[in-house]
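Observations on the three-dimensional arrangement
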Amino acid sequence: MLELMAGPVLTFTDRGIYCPAGDFHIDPWRPVDRALITHGHADHARWGHRAYLATDGAAPVIRMRLGDIALETIAYGTTRQIGDARVSFHPAGHVPGSAQIRVEVAGEIWVVSGDYKTVDDGLSEPFVPVPCHAFITECTFGLPVFRWPDPAQIAAEINGWWTANVAAGRFSLLGAYSLGKAQRLLAALDPAVAPILTHGAIENTNAVLRNQGYALPDTIRVTPELKPKDHPGALVLAPPSALGTSWAKRFTPASDAFASGWMALRGVRRRRAADRGFVVSDHADWAGLNTAISETGAERVFVTHGYTAQFRQWLESQGYDAGIVETDYSGEELDSTEDVVEAP
Amino acid sequence: MQRFADLFTALDQTTSTKAKVTALAGYFREAPDADRLWTIALLSGRRPKRTITTTRLREWAAERAGLPLWLFEASYDVVGDLAETIALILPPPARTVERSLTDWIAWLKSLAALEEPDRKPEILAAWDSLPGPQRFVFNKLITGGFRMGVSRKLMTRALAAATDIDEARLAHRLMGDWTPETTSFSELVLSDDPADDLSRPYPFYLAYQLDDPPENLGDPSDWRAEWKWDGIRGQLIRRDGQLHIWSRGEELMTDRFPELRATLDHMPDGTVLDGELLAWDHEAARPMPFNALQRRIGRKSVPKKLLAEAPVVLRAYDLLEWQGSDLRAAPFADRRARLDALLDALPADAGIQPSPLVPFDSWEALAATRETARDANAEGLMLKRAASPYLAGRKKGDWWKWKVAPLVIDAVMIYAQAGHGRRANLYTDFTFAVWKGDELVPFTKAYSGLTDAEFRQITAWVRKNTLERFGPVRRVPPEHVFEIAFEGIQRSARHKSGVALRFPRMSRWRHDKPAAEANSFDDLQAMLATYG
């Protein structure tokens, strides 16, 4: 039992989550020697580490975003020994290729969730609960007011909105994250309604994912030469921050909408002043978080980002040993501008 | 209630005024009379009486959802709307039942006859029979706060479209002291004789802020100027031997201002005045600060002591009805002349004074006068075109408010709190401090004035720079300086700093100023001495 005296499997440093036994970081936010990456979103996969390890599925997008980096890949469920730690990656259901990372040191198992959701979005590898002693979880939507509607119902709402816009001679401008959310929406759209146009940031990711074998409907990239009137009734999919800019203005008249978990709140919907808000999130809702945590069987839970204070208190009241870890992860931010740096 | 909930959803789903009017007009054409009457009532701020306290509703909703009360409260903090929080937190309905809006309101009234413990199963059963949007609307009815993103003006426009009745005429019909219990749709909306209600006020004419230079308004001789007071806009009505005083928010406030009853003896029937209700310092012959008036508004009956400490007057600036005829179409200059003649004949203790015209012969001279507004305890000037009729609602062109520039002070942000409702995921509520030696003394909070982009920027900074948490409040390093603009400053025993600001807001983010260069407590005291 000497091993139990050896300190925690993972520690929390100002660079990120660190494993002393394996001398590696998970999703660090400052440059480190060895980084294990859960998925390709910018707050998790950052530039500047000497060596990267990610799943086969996540690697192509990470390469697209970070360029020429030293990136090794690993299949879901395969165990790798790193120093004194045994490491494996497991589906997180967040975006295609996203993973939770399981770290086992001397029989004690900790799991880092990264970002996750428990509903099947039809595209990402569905979330699998991983039994562990300690679970490090996000809680972006860690309040009981967040309950995601049935994805089929939302798909019907979006297609209904689009169809009505076609009938009224309008374009449909839909704002969604370029990695994950956008492709998940594409998979839910009915291509029979009208053509689907995409912002360059989204289309670049589409190209990578199609190449990996993810099934997406046909889309047309919006280029400066594209003539909107050649595509009447089109649905235009763009990162949220592109809506309301001159890029979006050429699609007139249009109805605009956002797809985000935040759209569950009327106040946020109204602040965005879009015509419609569809409740679609790549993070777990209240029930999803609670189920996921319970299914890990963990006794200790660390919450990293989201409604951390409230969610920790709730977990404590449910008998967990729960703590808050301050991180640089942002979760689902309605106002993120990360996606739109490049020209259309 | 399906139809009403659909209307609510349709209004909520668009930001286009035209689409809102279309949706509302469609509803007004199709809904049964009782429902449309209630809809008009709700959209003009007439709500059914609250029969259950919000405390009970919170407890019952948390219990039904199987959650501790503190978690319900934490959720409410984020959502910012009680009706919505309850709707979101409850489990989905077991079965759904359709009842009309009017039926639900009648049911709600019937609850008043029950003992409180007997109301609980009724409410729980109702929650359990309503799908999402209807449940939200239902909660709005029982909590009594109804805002649908539709102004009264828009509602009136839609009703005008649905009934082919002139909008201004409708606006007048919808004013006053009615409820769906005391009238019917045809009596209220279709009846041709609005004068049958003796207390009915005229719709207030509201001005926009003047942003362009006044020179753009043309020849100064076409215009009149008055001080713009910081009181409560009110309409005083004398008809058939009775006095009625309405606030702009259409609240009947007659009994709150007993000192104005004396006007009954001096004014003929068929007289309606528009003016400003102010707490008045008779000795100094100028208005008291707004908080003196505030002490009066809060109470339905006025103790003698308060009556002596904060006496109220009406400073009248317009005459809307004279000898029973509607004067609103007459030019302002004519109305004003008759008003002055009327007020001249009133004794000084009648409680009504003219709000004097401010003479001027050039815009330049008037601008100089405006700069002295604070000396008169005024917010600035009102500009009115001499030829203007008295219109209904907020209209551009003939009336403008021309406020004096606000007072400003540079302060350091020391605490941040997340907003709720529209701003649920942003830090928007800040506490500001000024220097007293090496110490920072908090003196005001401010919530508004920044752009969405600036709020996002400061939010990201707060998240990364939290030093300490006190519940929802985060202490942050004193790094950011903001210019705080405000309309007035008062001594206050209730505030630790000893001052209270009127309408504080962030007017500028001083990226150029390090925290050490923010203003000092002495500066604040100096402002209090000059303007307090």
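Residues numbered from 1 in each chain as written. Chains lettered and ligands numbered in written order. Predicted model: local features only at pLDDT ≥ 70, side-chain atom pairs only at ≥ 80, totals over all residues. Heavy atoms only, no water.

1. Concerning the overall build of chain B
- On a plain count of helices and strands, chain B comes out with 18 helices and 22 strands.
- Whereas a compact globule of 532 residues would reach a radius of gyration of roughly 24 Å, chain B reaches 26 Å, a difference of no more than 12%.
- Long-range contacts, defined here as pairs at least 24 residues apart, represent 69% of the contacts in chain B between residues at least 6 apart.
- Summing over all exposed atoms, chain B offers an accessible surface of approximately 23,700 Å²; the carbon and sulfur share of this is 50%.
- Between the averaged position of the 73 positive side-chain charges in chain B and that of its 74 negative side-chain charges there is a distance of 4 Å. (Helix = DSSP H or I, 4+ residues; strand = E, 2+ residues; numbered from the N terminus. Rg over C-alpha atoms; globule rule 2.2 N^0.38 Å. Contact = heavy atoms within 4.5 Å. Areas by Shrake-Rupley, 256 points an atom, 1.4 Å probe, with all protein chains shown as cover. Lys, Arg positive; Asp, Glu negative; His and termini not counted. Charge placed at Lys NZ, Arg CZ, Asp CG, Glu CD.)

2. A word on the overall build of chain A
- Looking only at helices and strands, chain A has eight helices and 19 strands in total.
- Taken against the 2.2 N^0.38 rule, which gives 20 Å for 344 residues, the C-alpha radius of gyration of chain A at 21 Å falls within 12% of a compact globule.
- Overall size of chain A, expressed as C-alpha extent along the three principal axes, is 70 × 45 × 30 Å.
- In chain A, which comprises 344 residues, the share counted as buried stands at 59%.
- Put simply, of all contacts in chain A between residues at least 6 apart along the chain, 60% involve residues at least 24 apart.
- Entry remark: accessible area of chain A is about 12,800 Å², with carbon and sulfur atoms responsible for 52%.
- Computing the positive centroid from 29 side-chain charges and the negative centroid from 40, chain A places the two 7 Å apart. (Buried < 20%, exposed > 50% of the residue type's maximum accessible area, 1.4 Å probe, protein only.)

3. Some details on the pairing of strand β11 (residues 134-139) of chain A
Residues and elements named next belong to chain A.
- Taking burial as the measure, the six residues of β11 include six buried ones, the bulk of the element.
- Relative to β11, strand β10 (residues 108-112) runs parallel, the two being bridged by three bridges. Counted as the bridge partner of W110 is A134 from β11.
- By the bridge criterion, five bridges tie β11 to strand β18 (residues 300-306) in an arrangement that is parallel. Note on β18: the bridge partner recorded for I136 is F302. (Pairing = 2+ DSSP bridges.)

4. Examining the sheet that holds strand β6 (residues 71-74) of chain A
All names here are of chain A.
- The sheet built from six strands is open, its strands ordered β1-β2-β3-β4-β5-β6 with mixed pairing. Of all the strands in the sheet, the pair left with one neighbour each is β1 (11-12) and β6.
- Taken together, the two bridges between β1 and strand β2 (residues 17-19) define a ladder with antiparallel strand orientation. Along β2, the bridge assignment pairs T11 with Y18.

5. As for the packing of aromatic side chains
- If you walk through the whole model with that rule in mind, you get 33 aromatic pairs over all chains.
- Between F146 of chain A and W262 of chain A the ring centres are 5.8 Å apart and the planes differ by 90 degrees, which places this aromatic pair in the edge-to-face class. Linking F146 of chain A in the loop between β11 and α2 (151-167) with W262 of chain A in the loop between β16 (254-259) and α6 (266-272), this pair joins segments that are 116 residues apart in sequence. Assigned by exposure class, F146 of chain A and W262 of chain A land together as buried.
- Their ring planes at 35 degrees and their centres at 6.3 Å tell us that F430 of chain B and F455 of chain B sit as a pair that is tilted. Taken together, the residues span a long stretch of sequence, with F430 of chain B in strand β15 (residues 427-436) and F455 of chain B in helix α17 (residues 452-464) at a distance of 25 residues. By the burial criterion, F430 of chain B is buried, and F455 of chain B matches it.
- Through a chain of ring-to-ring contacts, the aromatic side chains of F141, F146, W148, W262 and Y307 of chain A assemble into a single cluster. (Phe/Tyr/Trp six-rings, centres within 6.5 Å; stacked < 30°, edge-to-face > 60°.)

6. Digging into the sheet that holds β16 of chain A
Residues and elements named next belong to chain A.
- Spatially, β14-β13-β15-β12-β16-β17 is the arrangement adopted by the six strands of the open sheet, whose pairing is parallel. Of all the strands in the sheet, just β14 (220-221) and β17 (276-278) have a single pairing partner and so form its edges.
- Where strand β12 (residues 171-175) and β16 come together, five bridges link them in parallel fashion. Opposite F171, over in β16, you have A254 as the bridge partner.
- In the packing of α2 onto the sheet, contacts are made with β12, β13 (196-198), β15 (235-238), β16 and β17, and the angle to β12 comes to roughly 145 degrees.
- Seen against the sheet, helix α3 (residues 181-188) touches β12, β13, β15 and β16 and runs at an angle of roughly 160 degrees to β15. (Axes fitted to C-alpha atoms, helices over the stretch in contact; angles between N-to-C directions.)

7. Considering the nonpolar core
- Membership of the largest hydrophobic core comes to 140 residues, with the highest contact counts inside it found for F146 and L174 of chain A together with F4 and W127 of chain B.
- Those residues within four positions of L174 of chain A in sequence are excluded, and the remaining contacts are I158, W161, L185, L235, V236, L237, A238, L243, A257, F258, A259 and F278 of chain A. (Core = buried A, V, L, I, M, F, W, Y, C linked by side-chain atoms within 4.5 Å.)

8. Quick notes on the domain arrangement of chain B
All names here are of chain B.
- Splitting chain B by domain gives domain 1 (2-143), domain 2 (205-403) and domain 3 (407-531).
- When each unit is reduced to the centre of its C-alpha atoms, the spacing between domain 2 and domain 3 is 34 Å.
- Each partner contributes residues to the interface: domain 2 has six residues there, and domain 3 has seven residues.
- Interface of domain 2 and domain 3: buried area, both sides summed, is about 560 Å²; carbon and sulfur atoms make up 43% of it.
- Here the residues of the side of domain 2 that touches domain 3 sort into two nonpolar, one polar and three charged. (Domains from an automatic or database assignment. Buried area = accessible area lost by both parts, 1.4 Å probe. Nonpolar A, V, L, I, M, F, W, Y, C, P; charged D, E, K, R; others polar.)

9. Topic: the environment of D211 of chain B
- Structurally, D211 of chain B can be placed in the loop between β2 (208-209) and β3 (223-229).
- According to the relative accessible area criterion, D211 of chain B is exposed, its value standing at 69%.

10. Regarding the domain arrangement of chain A
All names here are of chain A.
- Examined at the domain level, chain A breaks down into domain 1 (3-145 + 283-339) and domain 2 (151-278).
- Domain 1 and domain 2 are separated by 29 Å when their C-alpha centres are compared.
- Opposite the 27 residues of domain 1 that make contact, domain 2 presents 27 residues.
- Each partner contributes to the roughly 2,400 Å² buried at the junction of domain 1 and domain 2, and carbon and sulfur atoms together form 63% of this total.
- Counting across the interface, domain 1 meets domain 2 through zero salt bridges.
- Put simply, domain 1 and domain 2 have five residue pairs in polar contact (both at pLDDT 80 or more) between them.
- Of the residues belonging to the side of domain 1 that touches domain 2, the class tally is ten nonpolar, eight polar and nine charged. (Salt bridge = Lys/Arg side-chain N within 4 Å of Asp/Glu carboxyl O. Polar contact = N/O pair within 3.5 Å; in protein donor to acceptor, adjacent residues only side chain to side chain.)

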